[in-house]
Amino acid sequence: MGVKPTELKQLLDFAVRLANKAGEIAQQYFNTACHVERKSDYSLVTVADREIEDYLRNVIQAAFPDDSILGEEGSDKVGHSNRRWIIDPIDGTFSFVHRVPLFAVMIGLEIADEAVLGVVKLPALDEIIYAAKGLGCFFNGEPTRVSLTNSLRDALLLSTDFRACARHGFAEAGASLQSQAEECRGWGDAYGHVLVATGRADVMLDPVMNVWDCAALLPILEEAGGRFTDWQGQRTIHGGNAISTNALLFDEVMNTIRNADNPGN
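Now for a quick tour of the structure. Keep in mind that what you see is a predicted model, and the values were worked out from it rather than measured. (Residues numbered from 1 in each chain as written. Predicted model: local features only at pLDDT ≥ 70, side-chain atom pairs only at ≥ 80, totals over all residues. Heavy atoms only, no water.)

Section: the overall build of the protein
So, step 1. Secondary structure assignment for the protein yields nine helices and 14 strands.
So, step 2. A compact globule built from 265 residues would reach a C-alpha radius of gyration of about 18 Å, and the protein, at 18 Å, matches this within 12%.
So, step 3. Taking the principal axes of the C-alpha coordinates as reference, the protein spans close to 55 × 45 × 30 Å.
So, step 4. Residues counted as buried form 55% of the 265 residues belonging to the protein.
So, step 5. If you take every contact in the protein between residues at least 6 apart in sequence, the share linking residues at least 24 apart comes to 61%.
So, step 6. Accessible area of the protein: about 11600 Å², with a carbon and sulfur share of 47%.
So, step 7. Each charge sign in the protein was given a centre, from 23 positive and 37 negative side chains, and these centres are 2 Å apart. (Helix = DSSP H or I, 4+ residues; strand = E, 2+ residues; numbered from the N terminus. Rg over C-alpha atoms; globule rule 2.2 N^0.38 Å. Buried < 20%, exposed > 50% of the residue type's maximum accessible area, 1.4 Å probe, protein only. Contact = heavy atoms within 4.5 Å. Areas by Shrake-Rupley, 256 points an atom, 1.4 Å probe, with all protein chains shown as cover. Lys, Arg positive; Asp, Glu negative; His and termini not counted. Charge placed at Lys NZ, Arg CZ, Asp CG, Glu CD.)

Here it is as structure tokens:
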């Protein structure tokens, strides 16, 4: 990674301050009749998404002019350092538009192509979780860990939309996981992954993810003692889908998926 812990801590503190301020902007628009548009992929975007991303880009650019920036709503900014900030101004825009408080501001950082830092701010819940490689994971300022649930039959399984598992090629795997889990709930988007990282849920399924959805989550889950992978079990933020688990359930979850894909094995 090539960065000292003291420098990484400074970068994390910067990202936490940035996320808190961005959360304040989000709260100014939440529960108001802000303008909503449909993007080319038919997903929603609001004036709040764009204003927050502009704010994040401007502050990062001013502080670290040589760094690259990738955001959901704007074009890539290519820098000359080995660092890339990856931002999602409002993760869960559907929730935001429908006045549901389960939306988040997400800031991730890659150094030399490795996701090493993540911050997720949930403004309407007044919650923030953040982590950096080797520095631990913190929830509202206190250390946090994943659960110790060691069997799917005792697990709380989450997904933004269980129906989407079928639409994106994971019908059997999604159904098998749901049938084995003790309880299933649709507490989704970044919030579901945060629940796993803080030990309030055990597994989170996302059959479709973009890199800006994932970048903050990998270091958060790992520093909390969990796992963040794609549906093939690969540690990545570029898989196009994602699963968060505590460490004790990871193998059972992956075996369930593989057995569903290959029922004769």
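Additional details are given in the paragraphs that follow.
Comments concerning the sheet that holds strand β3 (residues 68–71)
So, step 1. Read across the open sheet, the seven strands follow the order β3-β4-β5-β6-β7-β8-β9; overall the sheet is mixed. Each of the sheet's edge strands pairs with one partner strand only, and the pair in question is β3 and β9 (142–143).
So, step 2. In the sheet, strand β7 (residues 127–132) pairs with strand β8 (residues 136–139) via four bridges, with the strands oriented antiparallel. Residue pairing in the sheet places Tyr130 in a bridge with Phe138 of β8.
So, step 3. Running at roughly 30° to strand β6 (residues 114–122), helix α1 (residues 5–29) makes contact with β4 (83–91), β5 (104–111), β6 and β7 of the sheet. (Pairing = 2+ DSSP bridges. Axes fitted to C-alpha atoms, helices over the stretch in contact; angles between N-to-C directions.)

Description of the environment of Cys184
So, step 1. Mapped onto the elements of the fold, Cys184 is located in strand β11 (residues 183–185).
So, step 2. Overall, Cys184 belongs to the partly exposed group, its relative accessible area being 24%.
So, step 3. For Cys184 and Ala197, which are 13 residues apart along the polypeptide, the C-alpha to C-alpha distance reads 17 Å.
So, step 4. When residues no more than four places from it in sequence are discounted, the contact partners of Cys184 are Leu157, Phe162 and Gln178.

Re the pattern of salt bridges
So, step 1. Enumeration over the complete set of coordinates arrives at 15 salt bridges.
So, step 2. Taking the shortest distance from any N to any O, the salt bridge between Asp13 and Lys9 comes out at 2.9 Å. In this pair, Asp13 and Lys9 are both assigned in helix α1, four residues apart and thus about one turn of the helix distant.
So, step 3. Owing to a relative accessible area of 29%, Asp13 belongs among the partly exposed residues under this scheme.
So, step 4. Several salt bridges converge on common partners, so that one network encompasses Glu114, Lys133, Glu222 and Arg235. (Salt bridge = Lys/Arg side-chain N within 4 Å of Asp/Glu carboxyl O.)

As for the nonpolar core
So, step 1. With 37 residues, the main nonpolar core has Val120, Ile129, Ile220, Phe228 and Ile237 as its most contacted residues.
So, step 2. With six residues, helix α6 (residues 190–197) is the single largest residue contributor to this core.
So, step 3. What Ile237 contacts, discounting residues up to four positions off in sequence, is Ile86, Glu110, Ala115, Val211, Cys214, Ala215 and Leu218.
So, step 4. Listed in part, the 36 residues of the second largest apolar core include Val16, Val105, Leu109 and Ala132. (Core = buried A, V, L, I, M, F, W, Y, C linked by side-chain atoms within 4.5 Å.)

Section: the packing of helix α5 (residues 171–180) against helix α9 (residues 250–261)
So, step 1. Across the interface, α5 lies against α9 with an axial gap of 8 Å and an inter-helix angle of 130°. In this view, α5 runs oblique relative to α9, as classed from their interaxial angle. Taken as a pair, α5 and α9 cross one another with a handedness that is right-handed. Between α5, through Glu172, Ala173, Ser176, Leu177 and Gln180, and α9, the contact on the second element is made entirely by Glu252, Val253, Thr256, Ile257 and Ala260.
So, step 2. When grouped by side-chain class, the residues that make up the contact of α5 with α9 number five nonpolar, three polar and two charged. (Parallel < 35°, antiparallel > 145°, perpendicular 65-115°, else oblique. Left-handed = near helix turned anticlockwise from the far one by under 90°. Nonpolar A, V, L, I, M, F, W, Y, C, P; charged D, E, K, R; others polar.)

Observations regarding the state of the cysteines
So, step 1. Scanning the model with the defined rule gives zero disulfides in all.
So, step 2. No disulfide involves Cys184; its sulfur sits 10 Å from the nearest other cysteine sulfur, which is in Cys165. (Disulfide = S-S within 2.5 Å.)

Observations regarding the side chain of Arg83
So, step 1. Here Arg83 shows up in strand β4.
So, step 2. On the basis of relative accessibility, which here comes to 13%, the residue Arg83 falls in the buried class.
So, step 3. In terms of polar contacts, Arg83 uses its side chain to reach the side chain of Glu7, at 3.2 Å.
So, step 4. Excluding residues within four positions of it along the chain, Arg83 makes contact with Glu7, Leu11, Phe64, Asp67, Ser68, Leu109, Glu110 and Ile111. (Polar contact = N/O pair within 3.5 Å; in protein donor to acceptor, adjacent residues only side chain to side chain.)

A short note on the side chain of Ser95
So, step 1. Its location among the elements puts Ser95 in helix α3 (residues 93–97).
So, step 2. The buried category is assigned to Ser95, whose relative accessible area is 13%.
So, step 3. Ser95 has contacts with Val100, Leu102 and Asp189, leaving out every residue within four places of it along the chain.

Nothing here speaks to function; it is geometry throughout.
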